[in-house]
Amino acid sequence: MPPAIIRVVALGKSYSTAAGPFPALRGVDLNVEPGEFVAIMGPSGSGKSTFMNLLGCLDTPSSGDYFLVERNVAHLGKDELAALRNRTIGFVFQGFNLLPRMTLEDNVALPLVYSGIAREQRRLRARQELERVGLGDYAGSLPSRISGGQQQRVAIARALVNTPQLILADEPTGNLDSRTSEEIMTLFFDLNREGITIVLVTHEPDIAAHARRQVRFLDGLIVSDVATPARASNAC
């Protein structure tokens, strides 16, 4: 069996407040295996967003260990960590985070700049990923000329352009209407069937229902972790 993509052991995170340390995570253990589609759920303040930031190496834990593709991120230097993150993880956020003055092609190609890929190869790969999400004809457009759902597709193409093993998606349908949300989840479902591991944060049961596993947080702890029969979207 291949090693876990994500392995966290007794992971804790505390923040300093005027009233003293606040434990956002309190000793979490979790493995995510290659090819899984996991929904992270829980109410506001449950720790799910803190957990996602730690998985994405956007923050550091106060205690415990986090192994990303078998490498303990606490033991990596800044440059090593940035290289591992850029090579392994694709990020999709609720806000699409597209640069408004850059074309869709250039937005998608941006992660490749930090990978040292030559310009022509960046353009080719960006166009391939835009085709993959159904937006190949819009490569030269600006983000302001397309819909919110299309912008999220561009963000997904950008997440895919470095061929990551893992996609982390934080409330990726939070700014979208119900039909567009279904279309985006269809895309995630198809990407997972291709073998890409997906970890998605959501507070919406209908969105979580697309995942094959649902992990629920409460008060900084995992209170349930169940396998579920994922359903494909009915979006056209």
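These numbers were taken from a predicted model, which means no experiment stands behind them. (Residues numbered from 1 in each chain as written. Predicted model: local features only at pLDDT ≥ 70, side-chain atom pairs only at ≥ 80, totals over all residues. Heavy atoms only, no water.)

Colleague: With reference to specific residues and values, describe the overall build of the protein.
Modeller: On a plain count of helices and strands, the protein comes out with seven helices and ten strands. Against the 2.2 N^0.38 benchmark of 18 Å for 236 residues, the protein shows a C-alpha radius of gyration of 18 Å, consistent with a compact globule. Taking the principal axes of the C-alpha coordinates as reference, the protein spans close to 50 × 45 × 40 Å. Of the contacts formed within the protein by residues at least 6 apart in sequence, a portion of 70% connects residues at least 24 apart. Surface summary for the protein: the accessible area is close to 11200 Å², and the carbon and sulfur share equals 50%. (Helix = DSSP H or I, 4+ residues; strand = E, 2+ residues; numbered from the N terminus. Rg over C-alpha atoms; globule rule 2.2 N^0.38 Å. Contact = heavy atoms within 4.5 Å. Areas by Shrake-Rupley, 256 points an atom, 1.4 Å probe, with all protein chains shown as cover.)

Colleague: If you had to explain the packing of aromatic side chains to someone new, which residues and values would you point to?
Modeller: The final tally for this structure, using the stated rule, is two aromatic pairs. Centroid distance Phe 51 to Phe 217: 5.1 Å. Interplanar angle 40 degrees. Geometry classified as tilted. Pair noted here: Phe 51 is in helix 1 (residues 48-55) and Phe 217 is in strand 9 (residues 213-218), with a separation of 166 residues, a long-range link. The two residues Phe 51 and Phe 217 agree in class, both being buried. Over the ring of Phe 67 we find Arg 7, and its NZ or CZ is 4.1 Å from the ring centre. (Phe/Tyr/Trp six-rings, centres within 6.5 Å; stacked < 30°, edge-to-face > 60°. Buried < 20%, exposed > 50% of the residue type's maximum accessible area, 1.4 Å probe, protein only. Lys NZ or Arg CZ within 6 Å of the ring centre and 35° of its normal.)

Colleague: I'd love a proper account of the sheet that holds strand 8 (residues 197-201), names of residues and values included.
Modeller: Ordered in space as 6-7-8-3-9-10, the six strands form an open sheet in which the pairing is mixed. Lying at the two open borders of the sheet, with one neighbouring strand each, are strand 6 (89-93) and strand 10 (221-227). Strand-to-strand, the axes of this sheet are offset by a mean angle of 15 degrees, without reference to chain direction. Bridge count between strand 9 and strand 10: six bridges; the pairing is antiparallel. Paired with Val 215 across the bridge in strand 10 is Asp 225. Those strands touched by helix 2 (residues 78-88) are strand 6 and strand 7 (166-170), and its axis lies near 75 degrees from that of strand 6. (Pairing = 2+ DSSP bridges. Axes fitted to C-alpha atoms, helices over the stretch in contact; angles between N-to-C directions.)

Colleague: I'd like a rundown of the sheet that holds strand 4 (residues 63-68), residues and numbers included.
Modeller: Read across the sheet, four strands follow the order 2-1-4-5 without closing on themselves; strand pairing throughout is antiparallel. Edge positions in the sheet fall to strand 2 (20-32) and strand 5 (71-72), since each of these pairs with one other strand and no more. As paired strands, strand 4 and strand 5 are joined by two bridges and run antiparallel to one another. Across the sheet, residue Leu 68 finds its bridge partner in strand 5, namely Arg 71.

Colleague: Provide a residue-level description of the side chain of Gln 152, including the pertinent values.
Modeller: The topology assignment puts Gln 152 in helix 5 (residues 148-160). Among the residues examined, Gln 152 registers a relative accessible area of 0% and is labelled buried. The residues contacting Gln 152, other than those within four sequence positions of it, are Val 92, Phe 93, Gln 94, Phe 96, Pro 172, Leu 176 and Ile 184.

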